Structures are given as structure tokens and as C-alpha cells.
Amino acid sequence: STRNCPCKMSQLPPKSPLASPVSEGTNSRVEALDNLSMDSFWLEVENIKQSAETEQEECSLADVKTQEEGEAEAEWLQDAGLSDLLGDHASDNDNIVLLSTLTRTQAAAVQRRLDTYSRSRRRKNKHPVRDVRDIFGVASSEEKATEKEEPSPDPVWHNLRTANAQRKTQDYTCTVRNPGKEEVFNMDVAYSEQAAVLLKGSFLSESRKSKDGNALTKFKIPKGRLGVTRIGDLSAQDMKKIPTLALIELTALCDILGFELKRNKAAKLKTTEKRLFGVPLNTLLENDQKLLPNTKVPLLLQALLSCLEKRGLETEGILRVSGSQTRIKNLEQKLEREFYTGLFRWDEVHQNDVSGLLKRFIRELPAPLLTAEYLPAFAAVQNIPDLKQRLQALNLLILILPEPNRNTLKAILEFLSKVVARENNNKMNLWNVSTVMAPNLFMHKGLPNKIPEGKEKQLAEGAADVVRMMIHYQDLLWTVSSFLVAQVRKLNESNSKRYQFCDKRIKNLLRKIHADKDKVEKNQAEPSKVVKVHASLLLKDSLEVHLNNAIRVADVLRQFQKNLCQNGWNIVNTVNLLKCNNSTDCTNLLLYEVGGNIGEHCLDPDTYLLDLYHINPHAEWIIKQNPSYPRMF
């Protein structure tokens, strides 16, 4: 039967790959195992198509329209926080602070898109727009307007473009990774800058044939003097700046690697009368927060995951074996009526039906969980040859996701990790789980897409590989790179200083910022410093800390715990602070950096405080209790 709205990947062949004969030869066994391992993927695709065909539902998203020349660049500049550069009489003042934080490769990415946008405007015979050279100080706009030929490119972008052109005509020089060896994952230097350094070098490749999670390369994030920042450690105000910076960095990384960053145009969502399934995440959370403030993951999803964790982790084929479509549809209708009343009985539901409801919840979202805009980018990650750079791109994509989508995705991935951990009982290893969940994340009825003939197997394995990486490397992917945190600090510093630029170019701003940085570095000659650490919600007293090069956050928390027990400080909240044995638990306490060039930052226990003081001398340090949530959100 035909559908009114074809799914992405919906034109994949309905038959199982096992139906095709396996050629004899040295690779026949490997090919047979690959086909067998993908059988779950094709079976899941068929289940999704059958479920959709019985309902004949209409699309929840408008068809994606092809953008005209320059539209994609204009939309990118808006999403990158540089919309003021698009106007005919745009001013540098609103964007100069953001531009001042960019690295060399990030600035080249901005310059390339503004160049393309400017050319498209001129071709449409509209009023000339301000030239990018006015921003980066390469040439005057008058000189550019009088040129009949294409302008000579900026040296930064020209060098990168030339190198990329050379890479496209050459094969990647790859060295096979050693799966048992742990590799360093550097987050101190921008990924695009790292890629530029490696542009003419060799790349380490991972064998795509390996389906064993234990054989995947292990990566370690080296902790610098300022520790590691996880998603959730920064305040909401500072996290709002991260997606903009991550988009610019992701674009710069793709430019260096020679890959096009594909994005769909956001479409308008259609309203629904339902309360749970097919409801936008934002609407679900708004309704849930009326019942339970600070809810960050939809209550329905939490209930589905909790039910599966309690009674389904040991069930063989818990995600692979499909439940009854009729029962699942009836359960959905019953949940719509009874979920918020508390009358729904989860213990009466078959576990395979619950897993079917979980996958249905993901698929029925009006927009893909990975968002309509960035679903193509997630799918394109598979085309990056180097595993580390694939993870870098995924890390940036996850930072770009809206907070509700990111939190919901994390909850699902944490559950999938628990399924993999019970592999001996449920017979679902990492690759099995990835192949089953990939269609639910990458197929969406609102985003029709024709699959090139002969590319079905490649795209299916690539989608499953992306899901596998998100499950296996989720701790790494949910980390905010140090270079992005440093850029947030620069943004906050520049905004607080309220520079007056007039017609000064960006180089003048950079000189002033670097001059301020030199002043801070001179202060680093101080051998020690005495600061006060506050704990106003716990104690009436403050703690004096003598900083030196060896003092870490963990040391301050231990000192706080010792003084609390021995010196008889005035405790504000004894019940919550003291444990049953009348001793404090240091692991239940966190140290926050508040103010200065950061909003609020939960510090890594291994952060060296004197180094942090030099980076942000005007901040206050406050000890708080670790918020106790059932999940890490």
C-alpha cells in the first residue's frame, strides 16, 4: 500500500538482506555476519512501515522546500548569532564581541558564508550589502564594489580551501587503530584547529566491521588545570551561548574536512488534540512542570523507562521483539486517558509492548528528536573517516540541540546503556540495540527523503553506527569542551566591559583583549592568595582558603567537612547536611564558581583553584549540596 507521506528511508527494500545470496570467497563469512547483524534494522523498518500504513496519518511537518541561493547562508548567520551582519546598514557593534572570540578557522567559516550571501545579494540586483572585508579588515567595501571579477580570497580561507581541494583528489592516509589502546581526546584546542594541523597528516581509522562494543577505541579526556565541564555544570544563561559557538565550530570543522554541513529548514508544526503521543517536547514539559516543577524529561518517557528498567532489562530481545500493534495502540489510547490521573497500571503491561510504546513515543514526536534541522547532519557524521573527528562532530551536534531534545536523548541513551549491560540475559549487545533504535531516530514521517539506489545498506549501517557511538561514548559527548567554556568567558567579559568601538576594526578589539589577558597573566606571579568560600545555605560562617598551586576543589571540600565536624560551626540545615552517623558526606557537596566572567559553574573536583582565580578573579565561590535527582539532568 502507498502512504500519503513517505518516511525518511521509507524506500528501503522491504525484504531482509538475508534473502540475497552470499558470494563465496574469503569475505563471504564476514559479509554473512554483517547481513545477519543488520537483520534487526530491516525488521524494525518493516514494523514501523506497517504501523504507519494501518493508521494512514498525515504528515506533522510541512514538506521541506529547496532553499534559494543565499538563503542557507542567511539562515546560518542568523542561527550563529550574526544576523546583524545581513542588513544593508548593519553595525559591527552588535556582533563584534562574538567575532572577537572566534578562532582562525571559525572566522574563516563565517567569512566564507558571508561572502556567499553577499554574492547572492548582488546577483539579485539588490542594494549592496556590507562586505565581509569590513569585518575582518582585509579590504574596503568600496574597493570590493568596483571589482568586476571575483575578489581575491582571504589568505586564511584560501589556504584552507586549497588544502581541502587537494584532499578531495587524494585518498585519506589511514592507519588502523588499536582497539585496546586508550587515546587522548583533546578538548582544550578547537576541533577545527586540530583538524587544520592534521590536514596533511594521516588519520587513524576504525574498522567498521567490528560490532563488539568492547572492541571500540577508548578515549580519555585529559583534565587540565581547570578540570572538565559537563553539560549541566553551566548555568542556563551561559548554556544559551553554547549552541551558537558550537554551530560556528561545527561548520569550521566541516569546512576543514571538506564535508558540507547539511541542514533542513525548520518547518511549522501542526497542532494535535492529544496530550502525550505526538505532542511537541516543549508542550509536554510545560504540562509536566505544572505537576512537578523542574521536570527536564517528559514524565511519560520517565515512566516508560522506569517500567522497562524494573521488569524488562532481563527480557530476551526486549527491544528487538515487537509487541502486538493492536495492544500497543490500545495502550496508547488508555495512557492518553489515564496517565495523569495515576490510574494506569504498569504492572499489567507486557514488557515488549512497553518497549513498543517507547519507540512509538520517539517516532510520534511532531519533529524528530534529533530535530528536523540537524537530522541530515547527524546522518552525515558517518561520512567522516576518522573516528575521533566523528565524535567531535557528534559532540558539537549534541551541544546544538535544544535543551528538551538533549535531555530526552540522554535519558534514552542511559537506558540503552543499561540494556547493553545486561547482554548476557537479554541477548541484546551494543550493535543489536543500535540497529533496532536507528530507524526510530532517523526515520520520520514529516521528512520525506529518497534513498539513492544501491545506497540502502550503506546508509542503514551508517545510521546504526551513529547510534552506537552515541550510546557507547555518551559521557564524552555530554562534555562541554574547554575551548567553548573559554569563549563563553570572553563573551561575558566583553559584554560586561561594554566596549565602544565606533568604526574600529576587529583587530583593535583583539589587541585590547590580549592586553587585558597579559595583565591577568602578570598577576599569576603571586605565590598564594587567601579567598573566602561561602556556604550561606548550609552555614552562617565562611571558610578562608589559602590558595597555592596544589589546592584543588576536592581539598577545599574536605577542609570544609573537617571544620564542620570539629569546630562546631553554626549549621543552618542540619537534617539535610548530616548523615545518619552524624558525619558529613563530602561527596554530597559541590563547589560553584559564581559571577565574574561566568554565570554559575559547578566545578570539577580536580580543578586547581589558583589557576581558576587567575582566570576569573572577580567570582565568588559557594559550596552547595549536590541536588538529588533520580536522573542526571
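Remember, predicted model here, so these are calculated numbers, not experimental data.

A short note on the packing of helix α19 (residues 430-442) against helix α20 (residues 456-472)
Inference 1: Remark: α19 packs on α20, axes separated minimally by 8 Å, with the N-to-C direction vectors making an angle of 110 degrees. For the element pair α19 / α20, the angle class is roughly perpendicular. Between α19 and α20 the crossing geometry is right-handed. Here L430, W431, V433, S434, T435, M437, A438, L441 and F442 of α19 come into contact with α20, specifically with E461, A463, A464, D465, V466, V467, R468, M470, I471 and H472.
Inference 2: Class assignment for the residues of the contact of α19 with α20 results in 13 nonpolar, three polar and three charged.

A look at the pairing of strand β8 (residues 543-547)
Inference 1: Along β8, the buried face is formed by L543, V545 and L547; none of E544 and H546, which line the opposite face, is buried.
Inference 2: Inspection of the sheet shows strand β7 (residues 529-534) paired to β8 by five bridges, in the antiparallel sense. What sits directly across from V533, in β8, is L543.

Some points on the pairing of β7
Inference 1: One ladder, built from two bridges, connects β7 with strand β11 (residues 620-625); its direction is parallel. Across the sheet, the residue bridging to H534 is I622, located in β11.

Thoughts on the sheet that holds strand β9 (residues 589-595)
Inference 1: One open sheet holds the five strands; their spatial order is β8-β7-β11-β9-β10, and the pairing between them is mixed. At either margin of the open sheet sits one strand with a lone partner, and together these are β8 and β10 (598-602). Along the sheet, successive strands turn relative to each other by an average axial angle of 30 degrees, direction set aside.
Inference 2: Judged from the four bridges that link them, β9 and β10 form a sheet pairing that is antiparallel. In the sheet register, E593 faces β10, and the bridge partner there is H601.

Looking at helix α2 (residues 71-79)
Inference 1: Within the sequence span of α2, burial applies to E73, A74, E75, W76 and L77.
Inference 2: Residues of α2 that are buried sit in contact with α4 (104-123) and α10 (242-257).
Inference 3: Of the residues flanking the end of α2, it is G81, one or two places downstream, whose phi is positive at about 75 degrees.

The rules behind the values
- Throughout this description, residue numbers start from 1 for each chain and increase along the sequence as written.
- The predicted origin of the model limits local features to residues at a pLDDT of at least 70 and limits the giving and counting of side-chain atom pairs to 80 or more, whereas totals for whole chains, interfaces and linings rest on all residues.
- Hydrogens and water molecules were not included; the side-chain quantities draw on all heavy atoms of the structure.
- Note on definitions: angles span 0 to 180 degrees between N-to-C directions of axes, and those axes are lines fitted to C-alpha atoms, for helices only across the stretch in contact.
- Under the DSSP-based scheme used, a helix requires at least four consecutive residues in state H or I and a strand at least two consecutive residues in state E, with every element numbered from the N terminus.
- Here roughly perpendicular refers to angles of 65 to 115 degrees, roughly parallel to angles under 35, roughly antiparallel to angles over 145, and oblique to all remaining angles.
- Should the near helix be turned anticlockwise from the far one by less than a right angle, the crossing is left-handed, and should it be turned clockwise, the crossing is right-handed.
- Contacts: residue pairs with any heavy atoms within 4.5 Å of one another.
- Gly counts as polar in this scheme, as do all residues outside two lists: the nonpolar Ala, Val, Leu, Ile, Met, Phe, Trp, Tyr, Cys and Pro, and the charged Asp, Glu, Lys and Arg.
- Exposure is judged per residue with a 1.4 Å probe applied to protein chains only, and the accessible area is read against the type maximum: over 50% gives exposed, under 20% gives buried, and values in between give partly exposed.
- Two strands form a pair only when DSSP identifies at least two bridges running between them.

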